[in-house]
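Letter by letter, the chains look like this.
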Amino acid sequence: MAQFVDWDLAAATAGALGKSGPRVSYDEATEVVAELRRLTDEAAGHVLAYTGLRPQVAHPPVRVVDRRDWAATNIAGLREVITPLINRLSGDKPPGVITDTIGSRLTGVQAGTVLAYLSGRVLGQYEVFSADPGQLLLVAPNIVEVERKLQADPRDFRLWVCLHEVTHRTQFTAVPWMRGHFLGEVQAFVDASQAGGDNFLDRLRRGVGMLSDSVRNPDSRASVLDIVQTPGQRAVLDRLTALMTLLEGHAEFVMDGVGPEVIPSVETIRARFNRRRESGNPLEKAIRKLLGVDVKMRQYAEGRKFVHGVVDRVGMDGFNRIFSSPLTLPRLEELSDPDAWVARVHGPVGPVAATG
């Protein structure tokens, strides 16, 4: 059957549209790569000591990549996951009218355009689609570009980024069921679309209206995902949102908890970095909103507040109960009410001093 996405064209588009990185000499580039690898190992020790979470499965070494390699790796991962899901959704039948009209090439250009934009912003990622248990990626040109814009101490900023990304790696390697659970929810999201009784074009029109509102309303949470949601998909997306908010907030909590002990300029870095997250020209803000990037930014703050609240109540070991099984993960409504999660998982507890 024909492809739903022309993945080769997506990769070519991402490479062609991606911005060039900052100017560095060959020696500087070599030094950055070597230091990021060293700091990844250092960060792993700090994360283990602070969280008490010990990797249970082997993982490949960190990959320090450029923007083109980051986009290519993500396209390869998405191809591995999305292609069989699309085939299942279509019942392995030839593409329908919409796919014939839009065409896999246009979809490939669209996917490549999105990844080109993101490739210039992502500092690091734990990529879980292409292999088990996943692989840690650090995007060297973006890290160098941001540290220069923030006028941050390079070693301090690089370690700060590594703490965040190594925490993500720990979440998937210390909790071996996490990757399977996440991929299962992605599949459930696709499966739920089969149960939708409303017409795709009707959902598309409603989604365009939501996206238009998201540009006008700064507090809107609408994103490109709203175009394709059926009621069943919204339920799955609530679970995925809760999971991603937890993982992002946990990484933020750890990087800021470890930071004061090992990164002298961490308070300055955090303040300047937060201002950078909130800044941007109107066009860039609109693009971030349409892609759901703004939602991810809110996840950092909301998730960090939830983790802090739980650790304050039951300590780090008590918080780590959250990784016992999918049933102990927070529900969406619990993210704004740590007491509700503590009561459900721990039962009534007295005050406990925070760890770390």
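Nothing here was measured: the structure is a model prediction, and the numbers come from that model.

Below, the discussion takes up the overall build of the protein chain. The number of helices and strands found in the protein chain is 14 helices and three strands. The buried share among the 356 residues of the protein chain stands at 47%. Residue pairs at least 24 apart in sequence account for 80% of intrachain contacts in the protein chain once pairs closer than 6 positions are excluded. About 17,200 Å² of surface is accessible on the protein chain, with carbon and sulfur atoms providing 57% of the total.

The next thing to look at is the pairing of strand β2 (residues 124-127). Neither face of β2 is open: one carries Gly-124 and Tyr-126, the other Gln-125 and Glu-127, and all of them are buried. Relative to strand β3 (residues 135-139), β2 runs antiparallel, the two being bridged by four bridges. When the sheet's bridge partners are listed, Glu-127 is paired in β3 with Gln-135.

All told, the structure shown has eight aromatic pairs when counted by the stated rule. Relative to Phe-253, the ring of Tyr-50 lies with its centre 6.1 Å away and its plane at 45°, an arrangement referred to as tilted. Note that Tyr-50 is positioned in helix α2 (residues 26-51) and Phe-253 in helix α10 (residues 231-262), a separation of 203 residues in sequence. The pair formed by Tyr-50 and Phe-253 is uniform in burial state, with each residue classed as buried. Ring geometry for Trp-160 versus Phe-273: centroids 5.2 Å apart, planes at 80°, classification edge-to-face. Taken as a pair, Trp-160 in helix α7 (residues 154-173) and Phe-273 in helix α11 (residues 266-278) lie far apart in primary sequence, 113 residues in all. Under the relative-accessibility criterion, Trp-160 is labelled buried at 1%.

This part takes up the sheet that holds strand β1 (residues 63-65). An order of β1-β3-β2 is seen for the three strands of this open sheet, with the pairing classed as mixed. The sheet is open, and its two borders are formed by β1 and β2, each paired with just one other strand. Here the average twist between neighbouring strands, direction ignored, is 25°. Judged from the three bridges that link them, β1 and β3 form a sheet pairing that is parallel. Within the sheet, the bridge partner assigned to Val-65 lies in β3 and is Val-139. Its contacts with the sheet put α7 on β2 and β3, and the angle it makes with β2 is roughly 10°.

Turning to the confidence of the model for the protein chain, a few remarks are in order. Across the protein chain, the average pLDDT comes to 82, with 75% of residues at 70 or higher. Note on residues 197-201: pLDDT is under 50 here. Beyond four places in sequence and across chains, it has five contacts.

So, on to the pattern of salt bridges. Pairing is possible between side chains of opposite charge, provided their charged atoms come close. Taken as a whole and judged by the stated rule, the model has 13 salt bridges. Ionic pairing is found between Glu-42 and Arg-155, a salt bridge with its closest N-O pair at 3.2 Å. With Glu-42 in helix α2 and Arg-155 in helix α7, the pair connects residues that are 113 residues apart, well separated along the chain. By relative accessible area, which is 28% here, Arg-155 ends up partly exposed. We note a salt bridge from Glu-147 to Arg-158, for which the minimum N-O separation is 2.7 Å. Here Glu-147 is found in helix α6 (residues 140-149), whereas its partner Arg-158 is found in helix α7, with 11 residues between them in sequence. Side by side, Glu-147 and Arg-158 carry an identical accessibility label, which is buried. Where salt bridges share partners, they join Glu-31, Glu-35, Glu-147 and Arg-158 into one cluster.

Definitions and cut-offs
By convention here, each chain's residues receive numbers from 1 onward along its written sequence. It should be noted that, the model being predicted, local features are given only for residues of pLDDT at least 70 and side-chain atom pairs only at 80 or more, the latter also being counted only at that level, while totals for whole chains, interfaces and linings use all residues. Derived side-chain values reflect all non-hydrogen atoms in the structure, with water molecules and hydrogen atoms excluded from consideration. Secondary structure follows DSSP: runs of H or I at least 4 residues long count as helices, runs of E at least 2 residues long count as strands, and numbering of each begins at the N terminus. Burial status follows relative accessibility: with a 1.4 Å probe on protein chains alone, a residue under 20% of its type maximum counts as buried, one over 50% as exposed, and anything between as partly exposed. Any two residues having at least one pair of non-hydrogen atoms within 4.5 Å are treated as being in contact. Only the protein chains shown count as cover for residues, with accessible areas throughout obtained via the Shrake-Rupley method and a probe of 1.4 Å. Paired strands, as defined in this entry, are two strands with at least two bridges between them according to DSSP. Only rings of Phe, Tyr and Trp enter the pairing, Trp through its six-membered ring, and a pair is recorded when the two centres are within 6.5 Å. The plane angle decides the type: under 30 degrees is stacked, over 60 is edge-to-face, the rest tilted. Here the axes come from fitting lines to C-alpha atoms, over the contacting stretch only for helices, and the angles between their N-to-C directions go from 0 to 180 degrees. pLDDT is a residue-level measure of predictor confidence that goes from 0 to 100. When a carboxyl oxygen of Asp or Glu lies within 4 Å of a side-chain nitrogen of Lys or Arg, that pair is called a salt bridge.

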